[in-house]
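Structural overview for review
The primary structure of each chain is shown beneath.
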Amino acid sequence: MKGRARNPQSPPTARELRQGKRIPAVFFRTEAGGEPVRDWLKSLPVADKKAIGTDIMAVEFGWPLGLPLCRPLQNGVHEVRTALDNHRIARVLFYVDARERMVLLHGFIKKTQKTPTGDLELAVRNKKKHEKGLA
């Protein structure tokens, strides 16, 4: 079946996902099928989406990366740090799963200097849920 075209509705193969990426990004999916980071991104202005998407893509192709773009937090959770217009800062929290994918767990606009505890705790809970689904 080498010469057959793939059905565009079928999920991409691991090879197609990688396409030079060291860790392809995937959205964390809740038990109900929601994708919180995707929904959050859709709610943002186009310029913000582009900036955050560019930074996520840089991590996909350049992993492992450090500051200023990426920083480890705790329990295997890392953050992608994006500077937005009007002195705003976006964060996308992720972890690298056993399949070497960048699982996007939670996203938010930072309002304080330190990463809010509630946001980090939510990302850690989502990570645990995702890991259970992989077993």
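As a reminder, the structure under discussion sits directly above these lines.
Just so you know, these numbers come straight off a predicted model, no measurement behind them. (Residues numbered from 1 in each chain as written. Predicted model: local features only at pLDDT ≥ 70, side-chain atom pairs only at ≥ 80, totals over all residues. Heavy atoms only, no water.)

1. Focus: the overall build of the protein
- Within the protein, the secondary structure is distributed over 4 helices and 5 strands.
- Ordered by position in the sequence, the α and β elements of the protein form the string α-β-α-α-β-β-β-β-α.
- When burial is assessed residue by residue, the protein has 36% of its 135 residues classed as buried.
- When contacts within the protein are restricted to residue pairs at least 6 apart in sequence, those whose partners lie at least 24 apart make up 50%.
- Surface accessibility of the protein: about 8700 Å² in total, with carbon and sulfur atoms responsible for 55%. (Helix = DSSP H or I, 4+ residues; strand = E, 2+ residues; numbered from the N terminus. Buried < 20%, exposed > 50% of the residue type's maximum accessible area, 1.4 Å probe, protein only. Contact = heavy atoms within 4.5 Å. Areas by Shrake-Rupley, 256 points an atom, 1.4 Å probe, with all protein chains shown as cover.)

2. A closer look at the environment of I52
- Looking at where I52 falls in the secondary structure, it is placed in helix α3 (residues 46–62).
- Judged by relative accessible area, I52 falls into the buried class, the value being 0%.
- The spacing of I52 and G107 is 55 residues in sequence and 9.9 Å in space, taken between C-alpha atoms.
- Setting aside anything within four residues of it in sequence, one finds I52 in contact with W40, L41, L44, T82, L84, A90 and V92.

3. Points about the nonpolar core
- Counting residues in each nonpolar core, the largest one holds 18 residues, and the members touching the most others are I52, V59, V92, F94 and M102.
- Mapped onto this core, the elements with two or more residues apiece are α2 (36–42), α3, β3 (78–84), β4 (88–96) and β5 (102–110).
- With 11 residues, the next largest nonpolar core counts F28, Y95, V103 and L105 among its residues. (Core = buried A, V, L, I, M, F, W, Y, C linked by side-chain atoms within 4.5 Å.)

4. Concerning the packing of aromatic side chains
- Counting across every chain of the model gives 1 aromatic pair.
- Seen in terms of ring centroids, W63 and F94 are 5.7 Å apart; in terms of plane orientation they differ by 75°. Their pairing is edge-to-face. Pair noted here: W63 is in the loop between α3 and β2 (70–72) and F94 is in strand β4, with a separation of 31 residues, a long-range link.
- Taking the relative accessible area as the measure of exposure, W63 reaches 16% and is therefore buried.
- Taking the relative accessible area as the measure of exposure, F94 reaches 0% and is therefore buried.
- Over the ring of Y95 we find K127; its NZ or CZ atom is 5.4 Å from the centre of that ring. (Phe/Tyr/Trp six-rings, centres within 6.5 Å; stacked < 30°, edge-to-face > 60°. Lys NZ or Arg CZ within 6 Å of the ring centre and 35° of its normal.)

5. Quick notes on the sheet that holds β4
- Pairing within the open sheet is mixed, and its 5 strands lie in the order β1-β5-β4-β3-β2. A strand with exactly one partner marks an edge of an open sheet, and here the two such strands are β1 (25–27) and β2. The average undirected angle you get between the axes of adjacent strands in this sheet is 35°.
- The pairing of β3 with β4 spans 7 bridges and is antiparallel. If you follow A83 over to β4, its bridge partner there is I89. (Pairing = 2+ DSSP bridges. Axes fitted to C-alpha atoms, helices over the stretch in contact; angles between N-to-C directions.)

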